[in-house]
Amino acid sequence: MRIHLISVGRRLPAWVDAGYKEYSKRLPRECALHLVEIEPMRRGRGAKPADARDDEASRILKAIPKGAAVVALDVGGVAWSTEDLSRQLSAWLGDGQDRALLVGGPDGLAGACLDRAGQAWSLSRMTFPHPLVRVILAEQIYRAWSLLQGHPYHRA
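What you are looking at is a predicted structure, and each value in this text was computed from that prediction instead of being measured.

**Considering the pairing of strand β1 (residues 2-8)**
Two faces, one strand: in a regular strand the side chains alternate between the faces of the sheet.
Alright, step 1. The buried fraction of β1 is high, at six of seven residues.
Alright, step 2. The pairing of β1 with strand β4 (residues 99-103) spans five bridges and is parallel. From the neighbouring strand, I3 faces β4, where its bridge partner is R99.

Below is the structure:
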C-alpha cells in the first residue's frame, strides 16, 4: 500500500521539505508515503477563494491514482487520536488499497474534492500554517505505524 499525499503548494521553505522527508523516509515500503505537489492558483487582485479552490480541485482530482481510496483533510472531518489513526492505518494496510490524502491550499478543498473522498479527517480544530500540515501528516503517519509495530517512538 502506498499513501499518496496530494498537497497544494510548491517551492515551500526548506524546513518543510526537511521535516516531511525526515518522517517519510522512516516508513517502510509497505506503508510508503509519496508526495504529489499541486501548483496553486496564481492569485491576482480580486481573486476569490472559491475560484482558487475550484482551480486547484481539477489538478488535485487528476492526481488521484486509479483505484486509490480518498481521504480529505478538512476542518469538518473526524478528529482522530493517535490511536484512532493507528487503527485506520492498520485497516488501510489490511485491505492493501492505496490511499490518497488530499490537502487543499490556503483556502481549503473544493466541494468536488470533499465529494470524491470516502473519509474526511481533521487534524485539529486549530488552524495550522498550510506548509506545516505536510510535516504533521508525515509525523503522525510514522507515529501511527510505530505504534502498530510496538516501536518505542510513541509514548502515551
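**Description of the environment of A112**
Alright, step 1. In this fold, A112 is placed in helix α4 (residues 111-116).
Alright, step 2. Residues A112 and I60 lie 52 residues apart in sequence; the distance between their C-alpha atoms is 9.9 Å.

**Notes on the sheet that holds β4**
Alright, step 1. Spatially, five strands are ordered β2-β1-β4-β3-β5 in an open sheet, and the strand pairing comes out parallel. In the strand order of this sheet, the two ends are held by β2 (32-38) and β5 (119-122), each with one partner. In this sheet, adjacent strand axes meet at a mean angle of 30° when their direction is disregarded.
Alright, step 2. Sheet topology places strand β3 (residues 69-79) next to β5; five bridges connect them, and they run parallel. Bridge pairing links V78 to W121 in β5.

**Thoughts on unusual backbone geometry**
Alright, step 1. Even without being glycine, R11 reaches a positive phi, approximately 55°.
Alright, step 2. Residue position: R11 is located in the loop between β1 and α1 (14-24).

**Quick look at the pairing of β3**
Alright, step 1. Sheet topology note: the β3/β4 ladder contains four bridges and is parallel. Considered in β4, the bridge of V70 is made with A100.
Alright, step 2. At this point the chain moves from β3, through helix α3 (residues 82-95), to the parallel β4, and the crossover so formed is right-handed.

**Points about the pattern of salt bridges**
Oppositely charged side chains can pair when the atoms bearing their charge come close.
Alright, step 1. A complete count under the given rule lists nine salt bridges for this structure.
Alright, step 2. The shortest N-O distance in the salt bridge between E22 and R26 comes to 2.7 Å.
Alright, step 3. Classification of R26 by relative accessible area gives partly exposed; the value is 32%.
Alright, step 4. A single salt-bridge network, built from bridges that share partners, covers R10, R11 and E39.

**Some thoughts on the side chain of H130**
Alright, step 1. With respect to the helices and strands, H130 occurs in helix α5 (residues 130-149).
Alright, step 2. Of the polar contacts made by the side chain of H130, one reaches the backbone oxygen of G104; its length is 3.0 Å.
Alright, step 3. For H130, the residues in contact, after removing those within four places along its chain, are S7, V8, V103, G104, G105 and P106.

**As for the packing of α1 against α5**
Alright, step 1. Their axes nearest at 8 Å, the elements α1 and α5 cross at an angle of 15°. In terms of their interaxial angle, α1 and α5 are classed as roughly parallel. At the point where α1 passes α5, the crossing takes the left-handed sense. Judged by residue contacts, W15, V16, G19, Y20, Y23 and S24 of α1 engage P131, L132, R134, V135, A138, E139 and Y142 from α5.
Alright, step 2. When the residues that make up the contact of α1 with α5 are grouped by side-chain class, the tally is nine nonpolar, two polar and two charged.

**Notes on the packing of aromatic side chains**
Alright, step 1. One pass over the structure, following the stated rule, counts four aromatic pairs.
Alright, step 2. With centroids separated by 6.4 Å and ring planes inclined at 40°, the aromatic side chains of Y23 and Y142 adopt a geometry described as tilted. Of this pair, Y23 sits in helix α1 while Y142 sits in helix α5, placing them 119 residues apart in sequence.
Alright, step 3. Taking relative accessible area as the criterion, Y142 reaches 6% and is therefore assigned buried.
Alright, step 4. Members of the aromatic cluster, each reached through a chain of ring pairs, are Y23, Y142 and W145.

So, how was this worked out
- Residues numbered from 1 in each chain as written.
- Predicted model: local features only at pLDDT ≥ 70, side-chain atom pairs only at ≥ 80, totals over all residues.
- Heavy atoms only, no water.
- Buried < 20%, exposed > 50% of the residue type's maximum accessible area, 1.4 Å probe, protein only.
- Helix = DSSP H or I, 4+ residues; strand = E, 2+ residues; numbered from the N terminus.
- Pairing = 2+ DSSP bridges.
- Axes fitted to C-alpha atoms, helices over the stretch in contact; angles between N-to-C directions.
- Right-handed = clockwise from strand over helix to strand, strands pointing away.
- Salt bridge = Lys/Arg side-chain N within 4 Å of Asp/Glu carboxyl O.
- Polar contact = N/O pair within 3.5 Å; in protein donor to acceptor, adjacent residues only side chain to side chain.
- Contact = heavy atoms within 4.5 Å.
- Parallel < 35°, antiparallel > 145°, perpendicular 65-115°, else oblique.
- Left-handed = near helix turned anticlockwise from the far one by under 90°.
- Nonpolar A, V, L, I, M, F, W, Y, C, P; charged D, E, K, R; others polar.
- Phe/Tyr/Trp six-rings, centres within 6.5 Å; stacked < 30°, edge-to-face > 60°.

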